[in-house]
2 protein chains.
Amino acid sequence: MKAHATDTLNGVLALAIAFVVTAAHGQDALPSWNDGTAKTAILEFVAKTTTEGSADFVPPAHRIATFDNDGTLWAEQPMYFQLLFALDRVKALAPEHPEWTDKEPFAALLKGDVKGALAGGERSMVEIIMATHAGMTTDEFEKIVKEWVSTARHPKTRKLYTEMVYQPMLELTAYLRANGFKTFIVSGGGIEFMRPWTERVYGIPPEQVVGSSIKTKFELQGGKPVLVRLPEVNFIDDKTGKPVGINEHIGRRPIAAFGNSDGDRQMLEYTAGGSGTRFCLLVHHDDAEREFAYGAESKIGTFSDSLMSEAKDEGWVVVSMKNDWKSVFPSK
Amino acid sequence: MKAHATDTLNGVLALAIAFVVTAAHGQDALPSWNDGTAKTAILEFVAKTTTEGSADFVPPAHRIATFDNDGTLWAEQPMYFQLLFALDRVKALAPEHPEWTDKEPFAALLKGDVKGALAGGERSMVEIIMATHAGMTTDEFEKIVKEWVSTARHPKTRKLYTEMVYQPMLELTAYLRANGFKTFIVSGGGIEFMRPWTERVYGIPPEQVVGSSIKTKFELQGGKPVLVRLPEVNFIDDKTGKPVGINEHIGRRPIAAFGNSDGDRQMLEYTAGGSGTRFCLLVHHDDAEREFAYGAESKIGTFSDSLMSEAKDEGWVVVSMKNDWKSVFPSK
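Note that the structure is predicted; figures quoted are calculated from it, not measured.

**Student:** Looking at this model, I keep getting lost on the pairing of strand β3 (residues 209–221) of chain A. Mind explaining?
**Tutor:** In this sheet, β3 of chain A lies alongside strand β2 (residues 182–190) of chain A in parallel orientation, the contact comprising 3 bridges. Residue pairing in the sheet places glycine 190 of chain A in a bridge with serine 212 of chain A of β3 of chain A.

**Student:** Would you mind going over the packing of aromatic side chains with me for this structure?
**Tutor:** In this description, an aromatic ring pair is defined by two values, namely the gap between the centres and the angle between the planes. Residue and element names in this part refer to chain A. On inspection of all chains with the given rule, the structure shows 36 aromatic pairs over all chains. Measuring from ring centre to ring centre gives 5.1 Å for phenylalanine 85 and phenylalanine 193, while their planes differ by 45 degrees; the resulting arrangement is tilted. With phenylalanine 85 in helix α3 (residues 81–93) and phenylalanine 193 in helix α9 (residues 191–202), this pair connects stretches of sequence that are 108 residues apart. For phenylalanine 85, a relative accessible area of 0% gives the class buried.

**Student:** Is there a simple way to explain unusual backbone geometry in this structure?
**Tutor:** Residues apart from glycine generally show negative phi values, whereas peptide bonds are mostly found in trans. For the peptide bond that leads from glutamine 77 of chain A to proline 78 of chain A, omega is 0 degrees, which places it in the cis range. Counting through the fold element by element, proline 78 of chain A comes out in the loop between β1 (64–67) and α3. The residue arginine 158 of chain A is not glycine, and still its phi comes out positive at about 65 degrees. By the secondary structure assignment, arginine 158 of chain A is in the loop between α7 (138–151) and α8 (167–178). The phi dihedral of lysine 239 of chain B falls on the positive side, at around 50 degrees, and the residue is not glycine. You can see lysine 239 of chain B is positioned in the loop between β4 (224–235) and α10 (241–249). Residue lysine 239 of chain B is classed as partly exposed on the basis of its relative accessible area of 43%.

**Student:** Whenever I open this one, the interface of chain A and chain B confuses me. Can you help?
**Tutor:** Interface extent is often summarised as the accessible area lost during association of the parts. Of the residues lining the interface, 36 residues belong to chain A; the matching set on chain B comes to 36 residues. For the pair chain A and chain B, the summed buried surface comes to about 3000 Å²; carbon and sulfur atoms form 45% of the total. Considering only the side of chain A, the residues that lose the most area to chain B are Glu207, Phe218 and Glu248 of chain A, jointly responsible for 22% of the buried surface there. The interface formed by chain A and chain B includes 8 salt bridges. Notably, a salt bridge pairs arginine 252 of chain A with glutamate 207 of chain B, separated by 3.3 Å at the nearest N-O pair. On the surface where chain A and chain B come into contact, there are 23 residue pairs in polar contact (both at pLDDT 80 or more). Among the residues forming the side of chain A that touches chain B, the class breakdown is 15 nonpolar, 10 polar and 11 charged.

The rules behind each value
Residues numbered from 1 in each chain as written. Chains lettered and ligands numbered in written order. Predicted model: local features only at pLDDT ≥ 70, side-chain atom pairs only at ≥ 80, totals over all residues. Heavy atoms only, no water. Pairing = 2+ DSSP bridges. Helix = DSSP H or I, 4+ residues; strand = E, 2+ residues; numbered from the N terminus. Phe/Tyr/Trp six-rings, centres within 6.5 Å; stacked < 30°, edge-to-face > 60°. Buried < 20%, exposed > 50% of the residue type's maximum accessible area, 1.4 Å probe, protein only. Contact = heavy atoms within 4.5 Å. Buried area = accessible area lost by both parts, 1.4 Å probe. Salt bridge = Lys/Arg side-chain N within 4 Å of Asp/Glu carboxyl O. Polar contact = N/O pair within 3.5 Å; in protein donor to acceptor, adjacent residues only side chain to side chain. Nonpolar A, V, L, I, M, F, W, Y, C, P; charged D, E, K, R; others polar.

Everything listed here is a matter of coordinates, which is why it stays silent on function.
Structure follows, in structure tokens:
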């Protein structure tokens, strides 16, 4: 399960291959990554798993790589973007719900008191999610999400949310695909909140997105077959749910997994627990200047000390955003 | 939703393309299909959805085709093969379960009285499935299934079950893939009962298999991260469940769907209900000599009169196994 630093032959092979690949393409496949242990570890892993004859060769069908979304592929501060979407939806739907003016958590929200609205914890959150994510067809919800991601702007950066994706991770997913990997998202976020834009933004199609979901129901509306979104939780794709979601949707153990928080721990353990070469990576948000700096103390995207210890013990790569990334967001 | 027989331009285009494709490859892509309306409809659909500039052109990412398994890709008589697997497992596990000798439905089964064991209906079935499909890790279950499909033989033909797949359908799935389609299985059968062999037999990888499932739980067994199969239903992928499963796993509406029974009706309706060109096909088992003949009266794979009427009204292709297929099973 651990990286074998002493596997010199493979190391040399990997570096040679990495050099050849770079030379052949005439350019660096990961231009936004600074040279260093993280970048080298990625190049070595890809070289040895894709070189026929290598002891670590993995046939293309088994080159499954899973990526967390919030905090791994795009930002997640000051709070999960899907929650910001839900808050915007509460405002948009308020005229149809006069009862919300004196019903919590909606009343507080509509007065602009987000903190007060979320004081009720998970129960308030679920109420807000169900009120804004259910009660329409899947086609209608897709349209709502598409419109939101093309217009709404982040409270701090004023960027579109899809502009707050990480350039180094875009390069990494593309690099893996170019080397025969199939890239999947495995996120605690809503599966249908991600699918409308993941193909355009990440190059990851809907059928390769795994996430949390609410139940749906097939029915004929005026003779037209549709799926209606119900206010009932179907699956929570977080923590121990991630390996379960991976098994349900993908049906094989990934050979590489990428995350950034305690919610990804079991996905990385499950990935590392398979036989043969495995690769696990965690993004550490230590860059207050270019993005955000948070970790063990943060409620959103907690990166606990115990996860950091486990990463070190297991030989997982921990990426320092500040040191390992040349740039964070894509330049327009 | 209906085929436009009057769309002459597209028809001519399709036939021209079909001719060119055949000529270019120097061979028929569907050699086990007799010339006739079914084969022509398939060739026309593929030609017009894959020809750039055609009014019906569909970009590759949207070329999603879903196939039922039991009765559509492989046989399902005298009963679903997964049920035969479960019966074999009851026998194999009996030594570990002395209590089964006087506990139904197991007692009857162990005396060889299948009919008596299943007399309890769905409740008996669920008990048998849970006793044989749960209580082990996903890796262990995969191993059990792999061994069974490579050794167990069909009671009538004495073939391996994976030799009772339909040659014309193998050609059809390969033909669609060669034309940029992504092929999925959407079956009422168990997702983890199919995945161990669908890639080898059908060319359909685990991540493109949708099916019924039981719940699983992540845990560490002696430090090793595994998923344990629990005796609890997670999802039934049949009838109205098929569009739900398609949405959950694929996240887009298919443009082509293939089935053979009432269990596939909603999948075909959901597929046909999208905008643009759609293709729906039902296999009709009318070939007692080479396979089995059954339909409205059969408990397994019911093809009701109302489904037949709907197929005619909607312009869905109904394949007569007897007339449309040159051969049924692959020759070794």
